[in-house]
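# Residue-level structural notes
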Amino acid sequence: MPPPRTTPQRAKALRHRLAELRGPDVPAKALDARALAALAANPGCSRRALLDGAGVNKAALASALGAPSAFGQSQFALTRGNAFEARVKADGGAELLRLVREKLDPGAEPPERTYAPDLTASGPEGRTARTALALREAVEAGGWTLLGHPMLALDVAGSPAFLEPDAVVVHPDGSWTVVEIKSFPMLDGSADPAKVGAAARQAAVYVLALEEVAARLDPAPEVRHRVLLVCPKDFSNLPAASAVDIRKQRAVTARQLARLTRIEEIAAALPEGTCFSPELPAEQLTAAVEAVPATYAPECLAACELAFHCRDRSRTAGAVTSLGRAVRAELGGLTTVEDVLAAARGESGDPDDPAVAALRRAAALRAEALAEAAESRSGAVRGAACH
């Protein structure tokens with residue numbers, strides 16, 4: 001099911017509050033699938049949830065804070081990706097439809113023709129309506145249909161976020177599949193797991209948006225939870241494809257978007273007059289950002305424009321999250337490096353706590369190894385002196 005919608009009155013009040021947080025006359029930065037997928041990857045970060053929900057330009061904010069971000073794709077990567085996508089969709093998408101059938105629907109009849117409807121319309125709202133109409137017509141017509149760069153809308157914090165997947169395929173049975181075309185290589189049939197995971201989270205956002213479109217049709221078509229990931233094969237420019245199950249990513253994203261529709265709770269806890277406009281003095285802007293709790297992890301460096309700022313603050317505070325989520329999970333209730341070292345030295349912590357016991361055991365082994373190494377060095381020095 002799609003995330004619950006807010007009431008019109010509540011949504012209007014929320015939009016007004018978020019506009020105040022952005023600053024007077026500061027336009028909202030539209031949410032896209034990458035931003036929504038990154039939210040799902042770090043659901044505990046209230047700072048990102050609020051800033052993205054308010055439409056704050058985090059890149060401009062990071063620069064104003066003195067920690068400019070290097071996050072984003074290079075122009076070379078964008079050009080290469082566009083060229084590869086054009087090749088995949090050449091000849092009306094015949095090769096792409098062949099891959100969809102081969103990987104996801106081998107029992108269906110091969111496409112006798114490629115049908116790619118024109119989705120041109122005025123503005124994102126017009127394109128969204130045109131996409132919905134094209135999807136309905138494709139279901140009624142049967143056969144294979146390829147929609148290149150359709151426009152979808154997903155309700156986020158009471159406002160529509162307009163999303164543009166690489167492609168959506170309608171199968172002969174009326175079901176819909178999201179296609180993600182990426183420029184990173186698929187070597188010997190597999191790709192970088194981290195990049196595949198990011199693509200799966202992004203595809204999950206598109207699936208949720210498609211489910212909202214499908215829910216308005218009677219009967220509602222099936223939106224498949226296995227998407228097609230298309231990448232260059234090895235080091236060539238030939239396409240290779242893999243079916244990716246995104247049920248887990250879809251569930252996580254749905255929960256996070258449901259949480260995002262309640263960001264007024266985060267905003268209500270902020271001091272009066274809090275504003276994130278990059279035009280504000282750095283000291284005032286820093287105070288505003290620090291008023292919102294953040295959950296930093298090294299993975300943020302590849303997904304969030306504020307990562308450098310949050311990393312510096314996390315290191316200054318000695319937070320163990322700066323060492324990675326896996327380390328944080330192993331340490332239980334020990335949240336700072338100082339707490340960890342004190343527990344290892346036996347100065348604090350419950351000895352029955354498995355994390356504390358493991359730290360003390362590790363500290364004892366380290367001390368024993370250092371003592372043996374020192375004794376070995378002393379013996380070597382005495383032996384050399386004798387000679």
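Residues numbered from 1 in each chain as written. Predicted model: local features only at pLDDT ≥ 70, side-chain atom pairs only at ≥ 80, totals over all residues. Heavy atoms only, no water.

A few words now on helix α6 (residues 90-104). A rise of 1.5 Å per residue sets the reference length of α6, with its 15 residues, at 21 Å; its end C-alpha atoms lie 20 Å apart and thus fit the reference within 8%. When α6 is considered as a whole, its buried residues turn out to be Gly93, Leu96, Leu97, Leu99, Val100 and Leu104. For α6, the secondary structure elements touched by its buried residues are α5 (75-88), β1 (145-148), β4 (167-170), β5 (176-181), β6 (226-232) and β7 (239-245). (Helix = DSSP H or I, 4+ residues; strand = E, 2+ residues; numbered from the N terminus. Expected span 1.5 Å × (residues − 1). Buried < 20%, exposed > 50% of the residue type's maximum accessible area, 1.4 Å probe, protein only. Contact = heavy atoms within 4.5 Å.)

Further remarks concern the environment of Leu39. Counting through the fold element by element, Leu39 comes out in helix α2 (residues 33-41). On the basis of relative accessible area, Leu39 is assigned to the buried category, the value being 0%. The spatial distance from the C-alpha of Leu39 to the C-alpha of Thr253 is 7.8 Å, given a sequence separation of 214 residues.

The next subject is a nonpolar patch on the surface. On the surface, Leu323, Val327, Val337 and Leu341 cluster together into a nonpolar patch covering about 310 Å² of accessible area. Relative to the assigned elements, Val337 resides in helix α14 (residues 337-344). (Patch = residues over 30% accessible without salt bridge, like charges linked within 9 Å, V, L, I, M, F, W, Y side chains within 5 Å. Areas by Shrake-Rupley, 256 points an atom, 1.4 Å probe, with all protein chains shown as cover. Salt bridge = Lys/Arg side-chain N within 4 Å of Asp/Glu carboxyl O.)

Let's shift gears to the packing of α2 against helix α8 (residues 193-215). The N-to-C vectors of α2 and α8 enclose an angle of 110°; their axes lie 8 Å apart at closest approach. The angle between the axes of α2 and α8 places the two elements in the roughly perpendicular class. Once α2 is placed against α8, the crossing between them reads as right-handed. Contacts from Ala33, Arg34, Leu36, Ala37 and Ala41 of α2 reach α8 at Arg201, Gln202, Val205 and Tyr206. Residues that form the contact of α2 with α8 fall into these classes: six nonpolar, one polar and two charged. (Axes fitted to C-alpha atoms, helices over the stretch in contact; angles between N-to-C directions. Parallel < 35°, antiparallel > 145°, perpendicular 65-115°, else oblique. Left-handed = near helix turned anticlockwise from the far one by under 90°. Nonpolar A, V, L, I, M, F, W, Y, C, P; charged D, E, K, R; others polar.)

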